[in-house]
Amino acid sequence: MTEPSFSSVTPSTLPDQSVDKATARHVVLASFLAWMLDACDFFIVLFTLDDVARSFNVSLQSVLLAPTLTLMTRPLGAFLCGRAADKYGRKPVLILTIIIYSLIELASAFAPTLVIFLALRTLFGIALGGEWGVGTSLIMESVPKSWRGTASGILQAGYPAGYLLASLVFLLLPVLGWRGLFVLGSGAIFSALYIWLRVPESPDWLARQKADTQHGSAEEHLGLLAIIKGNAALCVFAVVLMAAFNFMSHGSQDLYPKVFLALERHVPPTSITTVVVLYNLAAIAGGLFFGFLSQKIGRQYAIILAAALTLPLLPLWTLPHSLLWLGLGAVCIQFCIQGAWGVVPAYLSELSPPSVRATFPGLAYQCGNLIAASNALLQTWFATQLGMGLAPALMLAVGGGAVVVLVLTLLNARLYPQRI
């Protein structure tokens, strides 16, 4: 039996075996809801760190371990959930993942000690890391081929939408307390019921399972290490690309509101909230726009355009002292950064070898995210070394990420023109 080779960084075949359009709409909505609610639960932790610290009578630095541990275990979740979805189907694993992260969120609300709270947030990272890859494979294998770009943008818009939802839920903190917010966040479990009732299994996965049963498939019988070995260039390309994507995203968001706007530009809290809401709305719009555009001009060229437009916006985003211009810069740059992200689910799915389509996109994303976890430390280090405030460090991280995304995607586009 000859082992198939996927060593070139070139799009794999993603056949158009979609469900009917009415059902496809349920698939898109379900995948969007799952990612949005997952992101919302993650951001609730970030918004309540100081409240959790006071509740356990510990320092804020101790509680900061919670999001760190969550980020560290996301690649493990992408691997475990992705492999399970490739073997047992997208639908059951997605449902199980949502149930697990919802129950962990609920258990976090009743954690009696900081140690137990941190252990639960570590487990939450596994579910958080697993959901995106499984949801991506389900949606990309289920919707009509002509929908994939737009569906990709809708799915990725779930992340800024989850940020917005968490911001609204946070307004209930004086009434519910941080534990009540976690209980509210566990309501995401109802989306699992919706998927169980209205979303079918991926038709592409079912077709490949049937073909493998009847005729056997060389790729299906390869172990994961053999698949990675046969796709070494693709794996390196995807992880480096996603690290650059995450430096763009985290580099533009992590320190920008509270450190840059609040401490360096002395923007009042209410104005910061307004800017954050506006740039998250722009992020949603950008993901939808460039996802749709990728259906017209190709995934690669939509990413290239969004990354290229990011670069001239960097000075407007960081150098002004006027709130109006800073706000405009933040809105424009998030439109472009998250616009590029809106193409990622479709792009990675179409690059992925079929037998690991639930594992590959999610694992590449989360490994890249793990590399970019050093973003905040690097930005503050650069700011200290340069002695010019945070603005140059912000531009360096985001601009550097955008250049890497642009160059890698352009190189791949030149070597392997993608046909949609």
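In case you missed it, the structure is sitting above this.
How each quantity is defined
Residues numbered from 1 in each chain as written. Predicted model: local features only at pLDDT ≥ 70, side-chain atom pairs only at ≥ 80, totals over all residues. Heavy atoms only, no water. Helix = DSSP H or I, 4+ residues; strand = E, 2+ residues; numbered from the N terminus. Rg over C-alpha atoms; globule rule 2.2 N^0.38 Å. Areas by Shrake-Rupley, 256 points an atom, 1.4 Å probe, with all protein chains shown as cover. Lys, Arg positive; Asp, Glu negative; His and termini not counted. Charge placed at Lys NZ, Arg CZ, Asp CG, Glu CD. Expected span 1.5 Å × (residues − 1). Buried < 20%, exposed > 50% of the residue type's maximum accessible area, 1.4 Å probe, protein only. Arc of directions from axis to C-beta. Contact = heavy atoms within 4.5 Å. Polar contact = N/O pair within 3.5 Å; in protein donor to acceptor, adjacent residues only side chain to side chain. Salt bridge = Lys/Arg side-chain N within 4 Å of Asp/Glu carboxyl O. Axes fitted to C-alpha atoms, helices over the stretch in contact; angles between N-to-C directions. Parallel < 35°, antiparallel > 145°, perpendicular 65-115°, else oblique. Nonpolar A, V, L, I, M, F, W, Y, C, P; charged D, E, K, R; others polar. Core = buried A, V, L, I, M, F, W, Y, C linked by side-chain atoms within 4.5 Å.

## Looking at the overall build of the protein chain
Phase 1: Helix and strand counts for the protein chain stand at 22 helices and 0 strands.
Phase 2: Against the compact-globule benchmark of 22 Å for 420 residues, the protein chain has a radius of gyration of 21 Å, which places it among compact chains.
Phase 3: When the accessible surface of the protein chain is summed, it comes to about 16,900 Å², and 72% of that surface belongs to carbon and sulfur atoms.
Phase 4: Considering the protein chain, the positive charge centre built from 23 side chains and the negative charge centre built from 19 side chains are found 5 Å apart.

## What to know about helix α21 (residues 375-386)
Phase 1: Between its first and last C-alpha atoms α21 spans 16 Å; for 12 residues at 1.5 Å apiece the expected length is 16 Å, and the two agree.
Phase 2: Of the positions making up α21, those classed as buried are Asn-375, Gln-379 and Ala-383. The buried residues of α21 all sit within an arc of 70° when viewed along its axis, so they share a single face. Exposed positions of α21 whose direction lies more than 90 degrees from the buried face are Leu-377, Thr-384 and Gln-385.
Phase 3: Summarising the contacts, the buried residues of α21 are in contact with α14 (232-253) and α22 (391-415).

## With respect to the side chain of Thr-48
Phase 1: Its location among the elements puts Thr-48 in the loop between α1 (21-47) and α2 (49-56).
Phase 2: The exposure class of Thr-48 is buried, given its relative accessible area of 1%.
Phase 3: Here Ile-44 takes part through its backbone oxygen, which lies 2.8 Å from a polar atom of the side chain of Thr-48.
Phase 4: Look past the residues within four positions of Thr-48 in its chain and what remains in contact with it is Phe-170, Leu-173, Trp-178, Leu-181 and Phe-182.

## Here we look at unusual backbone geometry
Phase 1: The backbone phi angle of Asn-57 is positive, close to 60°, even though this residue is not glycine.
Phase 2: Checked against the element boundaries, Asn-57 lands in the loop between α2 and α3 (60-63).
Phase 3: We classify Asn-57 as exposed; its relative accessible area is 72%.
Phase 4: Even without being a glycine, His-266 presents a positive backbone phi close to 55°.

## Details of the pattern of salt bridges
Phase 1: Throughout the structure, instances matching the rule amount to 9 salt bridges.
Phase 2: A salt bridge links Glu-350 to Arg-299; the shortest N-O distance between them is 3.0 Å. Placement of the pair is Glu-350 in helix α19 (residues 344-351) and Arg-299 in helix α17 (residues 299-318), with a sequence separation of 51 residues. We note that Glu-350, like Arg-299, is buried.
Phase 3: Residues joined in a network through salt bridges with shared partners are Asp-86, Arg-90, Glu-141, Asp-204, Arg-208 and Arg-357.

## Structural notes on the packing of α1 against helix α4 (residues 65-72)
Phase 1: Where α1 meets α4, the closest approach of the two axes is 9 Å, and the angle between their N-to-C directions is 150°. Judged by the inter-axis angle, α1 sits roughly antiparallel to α4. Where α1 approaches α4, its residues Phe-42, Val-45 and Leu-46 are matched on the opposing element by Ala-66, Pro-67, Thr-70 and Leu-71.
Phase 2: Here the residues of the contact of α1 with α4 are counted per class, giving 6 nonpolar, 1 polar and no charged.

## Some words on the nonpolar core
Phase 1: The biggest cluster of nonpolar side chains holds 122 residues, and the ones touching the most others in it are Phe-117, Phe-245 and Tyr-256.
Phase 2: A total of 15 residues in this core trace back to one element, the largest contributor, which is α1.
Phase 3: Ignoring anything within four residues of it in the chain, the contact list for Phe-117 reads Val-52, Phe-56, Ala-66, Ser-108, Ala-111, Trp-178 and Phe-182.

## So, helix α9 (residues 158-170)
Since the α-helix packs 3.6 residues into each turn, any two residues three or four apart lie on the same face.
Phase 1: Across its 13 residues, α9 extends 18 Å between first and last C-alpha, which sits within 8% of the 18 Å expected from 1.5 Å per residue.
Phase 2: Considered for burial, the residues of α9 that qualify are Gly-158, Tyr-159, Pro-160, Ala-161, Gly-162, Tyr-163, Leu-164, Ala-166 and Val-169.
Phase 3: For α9, the secondary structure elements touched by its buried residues are α1, α8 (148-156), α10 (173-185), α14 and α16 (269-297).

## Here's the deal with the side chain of Thr-409
Phase 1: Here Thr-409 shows up in helix α22.
Phase 2: Since its relative accessible area comes to 0%, Thr-409 is described here as buried.
Phase 3: Looking at Thr-409, its side chain comes within polar contact range of the main-chain oxygen of Val-405, at 2.6 Å.
Phase 4: Beyond its immediate stretch of four places on either side in the chain, Thr-409 contacts Leu-241, Gln-300, Ile-303, Ile-304 and Tyr-347.

## Details of the packing of α1 against α2
For any two helices packed against each other, one specifies the inter-axial angle together with the distance between the axes.
Phase 1: Between α1 and α2, the least distance of the axes is 5 Å, while the angle of their chain directions is 60°. As summarised for this structure, α1 and α2 are arranged oblique, according to the angle between their axes. For the pair α1 and α2, the contacting residues are Val-45, Leu-46 and Phe-47 in the first and Leu-49, Asp-50 and Asp-51 in the second.

Don't take any of this as a statement about function, it's just geometry.
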